Structure formats: structure tokens, C-alpha cells
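# Overview (structure and organization)
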Amino acid sequence: RFVAPKTVEVRLADGRLSTRELVRVADAVLMLPLLDDGTVLFIRQYRKGPEVELLELPAGKIDTGEEPLVAAHRELVEETGYRAGKMERLSGVYTCPGFCNELIHLYLATELTRERPRPDDDELIHLVPTPLAEAERMLFDGRLVDSKSVAALGLYLLRRAADRG
């Protein structure tokens, strides 16, 4: 549910007027699916914005009237073919607050069981199981460039380190 950019006039903190282009979209969910053996389930898909294939964590839009947790469970099965026995909210992040209202709810998905993936008709998704240690290296060496995935994986790793003391 994309709405074309709209130009609006805003008053700055110092009282001056300026213009901004705003895009209004539905909120979304992102899941960090983690298998019992420590494997992270990334997906690879083509993204038109940057015109490249990106490695990212599964994510998707929240349907009208749908709760974020319900959307997270639905999107995880659709994109990976795995169902989560446990879904823990990590945080929420605004993706591009300078021009967009999109809030992505970040979840850690564990206790995964295999099902049949159900991607949307226009999604060509490839599952990329990756050991957590390799995912961490990709985060630090710049191979993982999808901002929502960087945020979720980074937050998970920080929490894990804090829990270990």
C-alpha cells in the first residue's frame, strides 16, 4: 500500500519554513529466525530500489487491521517455510524517518519447525541458511547492508552479549 510522495511545508525549530517529501506506507515486521543449531535463516531477493539482490532477514508488511505479532508469524511461514514456536519482540525501528512513516517491528523467531514456504506470487525468494558466527562476521565486515537486518541482528547480538555478562 504505497502512497506517492507528497510535498508538505514544515516549520523548523527556528521558525523558518521548509519543504519535505513524505511517503506514507503500512508498518512492517522483520523476523530473525534462529534454528536450534545457531543457524540464521536469511533470504536473498532482488530489490528494485537499489536494483540489486540483497541478503536480508525475512520481513513483510502488516495487513490492515492485523496485529504485528500475527503478521510476523504469517510472514515467516510465507518467506521461509518455517513456523516459530516462540516469537520475541526485540524492538521497533523507523526505517527512513526523514521522509517515511514506516515502523518495522523486529522479532526473534525460535523453536522453528519446517513447513512449506508460501511466498507471494511476485516474490522470488531464496532461503540462505547461515551460521550465526558467519552472520556476525557479515554484519561487521559490511557484507550485510540491509538496514533493517543490520538493526535486528546487531540488537540480538548485543542482547546475547549482555545476557552472558
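A quick note: this is a predicted structure, and the numbers were derived from the prediction, not measured.

About the thresholds
Residues numbered from 1 in each chain as written. Predicted model: local features only at pLDDT ≥ 70, side-chain atom pairs only at ≥ 80, totals over all residues. Heavy atoms only, no water. Core = buried A, V, L, I, M, F, W, Y, C linked by side-chain atoms within 4.5 Å. Buried < 20%, exposed > 50% of the residue type's maximum accessible area, 1.4 Å probe, protein only. Helix = DSSP H or I, 4+ residues; strand = E, 2+ residues; numbered from the N terminus. Contact = heavy atoms within 4.5 Å. 1 Å grid on protein atoms, 1.4 Å probe; cavity = no way out; pocket = protein on both sides within 12 Å on 5 of 7 lines; lining within 4 Å. Points joined across faces, edges and corners; volume = space filled by probe spheres on them. Nonpolar A, V, L, I, M, F, W, Y, C, P; charged D, E, K, R; others polar.

Membership of the largest hydrophobic core comes to 22 residues, with the highest contact counts inside it found for Leu30, Leu32, Val40, Phe42, Leu57, Leu153 and Tyr156. Only strand E3 (28–33), strand E4 (39–47), strand E8 (103–114), helix H2 (132–141) and helix H3 (147–164) provide two or more residues apiece to this core. The contacts of Leu30, once residues within four sequence positions are left out, are Leu57, Pro58, Ala59, Ile104, His105, Leu106, Tyr107, Lys148, Ser149 and Ala152.

This paragraph deals with the layout of surface pockets. Using a probe with the size of a water molecule, rolled over the atoms, empty space left in the structure can be pinpointed. For the largest pocket, the calculated volume is near 810 Å³. In terms of lining residues, the largest pocket is bounded by 27 residues, among which Arg47, Glu56, Lys61, Glu102 and Lys148 are the most central. For the lining of the largest pocket, the secondary structure elements donating two or more residues are E3, E4, strand E5 (52–56), strand E6 (59–61), helix H1 (68–80) and H3. At four residues, the largest contribution of residues to the lining of the largest pocket is made by H1. Counted by class, the lining of the largest pocket contains seven nonpolar, five polar and 15 charged residues.

Purely spatial values, then, with no claim about function.
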